[in-house]
Amino acid sequence: MEKKRPYGMSLLLSTVILLLEAVLALVVSVLHGLTRQSWAMTPTGGSPLSVVLLPFLALFAATAAAALSVALVLPTASLSAALGRRFGGREAWWWVPAVAAVVSLVPVGAVTAATGSPEPAGFAGGWLLTTVALTVPALVCRSRRKRVFGPVFLGGLTAVVLTGVLGGVAFGTGALTMYRPPSVARAELVGTWSDGRGGLLTLTTDGRATVSGLDGTSGERGEACVGHGTWGYGTGSSRHTRGVGVDVPTCGPTLWDVGGTEDRPTLHRTVVRSVEPDRVDRYELTRRAAR
């Protein structure tokens, strides 16, 4: 039997695997995002500063992966080995996913407590993904093979590239469809739109607009707006979207992008407050049913 891998080498191996998993998750997230309505702000082009920040972001990601390895992955590997010896007389691989499933409840529960109670399906999905993310590096770390870094890195890189290629093929063949905002005629926008919290935007055929208690349309802090003005229909926050421009003197001009689907169009906008740069507010309006 080969000797147990030193702790430092196991830590490095786990860190590399977690980074590869993070890159794979990012690729999947981007592909999935292309099929859904985006809440991103108006594209402003690349900034030279973003290139300068890349090394710092990579360092932060590596530090986070190392911390997760110390706090979750390596304890999972050690505990699964100890339980295997205690109850079976030897280490068994299937103890790893079992222990990872229990350990995953800690980070998933912490995120749930911080963000509020999600739907059961969301909690279950997060728990399952976290369990898999912990199981893979823990299983590799318990291996006694000496030459494992090369195959692990090559396998992880292959998975990332293959996922990106398959995603591109899926979009090219139509198996996946890239989201496109619905094509809505100006006449279809006439009516009352609601934010679901009492805020209303009413658009009339002659170009008049009435705003009543609509959040995010007045002031730096997004106070509710009330007033009358005009509206128009043209380019949205990017050249790929159509937008409804509303100009109410008491509130100032606002631009609502048309989103949703052909059957259920929506108006939405994203606001970054200059007084709170880290705060991003998202607002969405849906058409109120005629009475």
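Relevant structure appears above.
Computed from a predicted model, the values in this text were never measured in an experiment.

Here the structure, examined in full by the defined rule, presents two aromatic pairs. Here Phe-87 and Trp-95 contribute two aromatic rings whose centre-to-centre distance is 6.1 Å and whose plane-to-plane angle is 25 degrees, an arrangement assigned as stacked. On the basis of relative accessible area, Trp-95 is assigned to the buried category, the value being 18%. The interplanar angle of 25 degrees and the centroid separation of 5.1 Å between the aromatic rings of Trp-94 and Trp-95 together place this pair among those described as stacked. Three or more aromatic residues joined by ring pairs make a cluster, and in this case those are Phe-87, Trp-94 and Trp-95. Over the ring of Trp-231 we find Arg-186; its NZ or CZ atom is 4.2 Å from the centre of that ring. The ring of Trp-256 has Arg-269 lying over it, and the distance from NZ or CZ to the ring centre is 5.5 Å.

Turning our attention to the nonpolar core. Buried together is how nonpolar side chains tend to be arranged in soluble globular proteins. Of all hydrophobic cores here, the largest spans 21 residues; its most connected members are Leu-189, Leu-201, Val-244, Val-246, Trp-256 and Leu-267. At the level of secondary structure, the elements contributing two or more residues to this core comprise β2 (200-203), β3 (208-218), β4 (223-235), β5 (242-248), β6 (252-260), β7 (265-272) and β8 (280-287). Apart from the residues within four sequence positions on either side, Val-246 is in contact with Leu-201, Ala-209, Val-211, Thr-230, Trp-231, Gly-252, Pro-253, Thr-254 and Trp-256. Among the nonpolar cores identified, the runner-up in size contains 13 residues, and Ala-65, Leu-72, Trp-95 and Ala-100 belong to it.

Attention now moves to the side chain of Thr-254. Within the element layout of this structure, Thr-254 appears in strand β6. For Thr-254, a relative accessible area of 11% translates into the label buried. Within polar-contact distance, the side chain of Thr-254 engages the side chain of Trp-256 at 3.5 Å.

Okay, helix α6 (residues 149-173) next. An ideal rise of 1.5 Å per residue puts 36 Å on 25 residues; α6 measures up with 36 Å between its terminal C-alpha atoms. When α6 is considered as a whole, its buried residues turn out to be Val-152, Gly-156, Val-160, Gly-167, Ala-170 and Phe-171. Those residues of α6 that are buried lie in contact with α1 (7-34) and α5 (120-141). At the C-terminal side of α6, Gly-174 shows a positive phi close to 90 degrees.

Turning our eyes to something else, we now look at the packing of helix α3 (residues 95-103) against α5. For the pair α3 and α5, interaxial distance at closest approach is 8 Å and the crossing angle is 135 degrees. By the angle class used here, α3 and α5 are oblique. In this structure, the crossing between α3 and α5 has a hand that is right-handed. Contacts between α3 and α5 involve Val-96, Pro-97, Ala-100, Ala-101 and Val-103 from the first element and Trp-127, Thr-131, Leu-134, Thr-135, Ala-138 and Leu-139 from the second.

Below, the discussion takes up the pattern of salt bridges. Applying the stated rule across the entire model yields four salt bridges. Taking the shortest distance from any N to any O, the salt bridge between Glu-91 and Arg-85 comes out at 2.7 Å. According to the relative accessible area criterion, Arg-85 is partly exposed, its value standing at 46%. One salt bridge in this structure joins Glu-91 and Arg-142, with 3.9 Å as the shortest N-O distance. With Glu-91 in the loop between α2 (48-88) and α3 and Arg-142 in the loop between α5 and α6, this residue pair connects regions lying 51 residues apart in the sequence.

The rules we used
- Residues numbered from 1 in each chain as written.
- Predicted model: local features only at pLDDT ≥ 70, side-chain atom pairs only at ≥ 80, totals over all residues.
- Heavy atoms only, no water.
- Phe/Tyr/Trp six-rings, centres within 6.5 Å; stacked < 30°, edge-to-face > 60°.
- Buried < 20%, exposed > 50% of the residue type's maximum accessible area, 1.4 Å probe, protein only.
- Lys NZ or Arg CZ within 6 Å of the ring centre and 35° of its normal.
- Core = buried A, V, L, I, M, F, W, Y, C linked by side-chain atoms within 4.5 Å.
- Helix = DSSP H or I, 4+ residues; strand = E, 2+ residues; numbered from the N terminus.
- Contact = heavy atoms within 4.5 Å.
- Polar contact = N/O pair within 3.5 Å; in protein donor to acceptor, adjacent residues only side chain to side chain.
- Expected span 1.5 Å × (residues − 1).
- Axes fitted to C-alpha atoms, helices over the stretch in contact; angles between N-to-C directions.
- Parallel < 35°, antiparallel > 145°, perpendicular 65-115°, else oblique.
- Left-handed = near helix turned anticlockwise from the far one by under 90°.
- Salt bridge = Lys/Arg side-chain N within 4 Å of Asp/Glu carboxyl O.

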